[in-house]
Amino acid sequence: MKRAGSLRIKLVAVLVSLTSLMSLTISYPAFAAVYSISQLTGGAAYAPSVYGQTFLVPAAKSGTISSVTNLGVTILNGSYPSVVWAKVWNSPSKTTLIASSSNSYTTTFNSGGFTTTATFSLTFPEFQVAGGSSYYLEIGRSSGNGSFYVSEAPSNPYADGSVYHAGVIDTNYDLRFKLDITLGISATAPTLSTAPTAVKGMATTLTSVTSVAGSISFRNNGKPIPGCHKVLATGSPATANCSWKPPVKGTSKITVTLFPSDTGTYNNTPSIDGLILVAPRSSKR
């Protein structure tokens, strides 16, 4: 009897300590969710000074831009290299310069006196753009001579902006360009809760709540919990439950990871870790 009483006392002591041992750490590993704004066709058109292109960032597509690509550049009867630049302004009125970049353009002339058209890229210091806002991309040349040509499409296929020739809008054309937005909206980490006690070999419910629609992955000490790899969070608030039978006594690290359904908006898979003390069974099987 003395021994049984001793076991009960030890078990009670372990169970009481569960709530005090539970500790949480949060991590926000990111993945590259990218949304592209582009007009990818077009032929060379003479640029008397500079070309500009307005573009719209769709709602819920806030993020950062670090380069403009797919620019077509050609020079007629001039020297090379030339230095081509790009600037991003808040609007065609150019009251606020957001980012700028430049790069040397070097190629060979063909028999007609044109340089071979190059698909050109310029890298910016990373800058932020806001969903629902319009911006103004401007392309020009700061050195070199000869006629400067930039590729544009005469059929105006890009619906959310217009070309400006030397500062004058021309709604019949669009610049050939591509801007990749690395989406910067981070989902918040889900929560983790469990029953006040966990006992080896006995089912206990792990619960995770998220403010973002998606699925929850439950792992025990880094290994997927059977049946809980990706549990769809449902209801209001969105909740995912996992029935877990701890395989061993002692401390277990439970990790829950949110996988957002809308990967076009959210750029991360946040996780939260919880340390749970698992008690031994009170009696032998």
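Before reading on, note that the structure itself is shown above.
Residues numbered from 1 in each chain as written. Predicted model: local features only at pLDDT ≥ 70, side-chain atom pairs only at ≥ 80, totals over all residues. Heavy atoms only, no water.

Trainee: Would you mind going over the sheet that holds strand 9 (residues 134-143) with me for this structure?
Mentor: Strand pairing in a sheet is mediated by backbone hydrogen bonds. Such pairs are either parallel or antiparallel. Here six strands make up an open sheet; going across it, the order is 7-6-9-4-11-12 and the pairing antiparallel. Unpaired on one side and paired on the other, strand 7 (97-105) and strand 12 (168-170) mark the two borders of the sheet. Strand-to-strand twist in this sheet, taken as the mean axis angle between neighbours without regard to direction, amounts to 25°. Pairing analysis gives six bridges linking strand 4 (residues 51-56) to strand 9, with the strands arranged antiparallel. (Pairing = 2+ DSSP bridges. Helix = DSSP H or I, 4+ residues; strand = E, 2+ residues; numbered from the N terminus. Axes fitted to C-alpha atoms, helices over the stretch in contact; angles between N-to-C directions.)

Trainee: Would you explain the state of the cysteines in this entry?
Mentor: Throughout this description, disulfide means a covalent bond between two cysteine sulfur atoms. By the definition in use, this model includes one disulfide. Cys228 shares a disulfide with Cys242; S-S distance 2.2 Å. Given an S-S torsion of about 95°, the disulfide between Cys228 and Cys242 has right-handed geometry. Of this pair, Cys228 sits in the loop between strand 18 (223-224) and strand 19 (231-232) while Cys242 sits in strand 20 (residues 238-244); the two residues are 14 residues apart in sequence, bridging distant segments of the chain. Here Cys228 and Cys242 have matching classes, each one buried. (Disulfide = S-S within 2.5 Å. Buried < 20%, exposed > 50% of the residue type's maximum accessible area, 1.4 Å probe, protein only.)

Trainee: What is the right way to read the packing of aromatic side chains from this model?
Mentor: For any two aromatic rings, the description comes down to two numbers: the centre-to-centre distance and the angle of the planes. This structure, assessed with the given rule, holds seven aromatic pairs. Considering the side-chain rings of Tyr105 and Phe120, the 6.0 Å spacing of their centres and the 75° angle between planes classify their relative orientation as edge-to-face. Linking Tyr105 in strand 7 with Phe120 in strand 8 (residues 118-129), this pair joins segments that are 15 residues apart in sequence. Judged by its relative accessible area of 6%, Phe120 is buried. Aromatic side chains Phe124 and Phe127 sit 5.6 Å apart centroid to centroid with 85° between the ring planes, which places their arrangement in the edge-to-face category. This pair shows no difference in class: Phe124 is buried, exactly as Phe127 is. Connected via pairs of aromatic rings, a cluster forms that spans Tyr46, Phe114 and Tyr149. Here Lys87 stacks its cationic end above the ring of Trp85, 4.9 Å away from the centre of that ring. (Phe/Tyr/Trp six-rings, centres within 6.5 Å; stacked < 30°, edge-to-face > 60°. Lys NZ or Arg CZ within 6 Å of the ring centre and 35° of its normal.)

Trainee: I keep staring at the sheet that holds strand 15 (residues 193-194) and nothing clicks. Help me out?
Mentor: The three strands lie next to each other as 15-16-20, forming an open sheet whose pairing is antiparallel. Edge positions in the open sheet fall to strand 15 and strand 20, since each of these has one partner strand only. Note that strand 15 and strand 16 (residues 204-210) share two bridges and pair antiparallel. Following the sheet pairing, Ser193 is matched in strand 16 by Thr207.

All we've got here are geometric facts, nothing functional implied.
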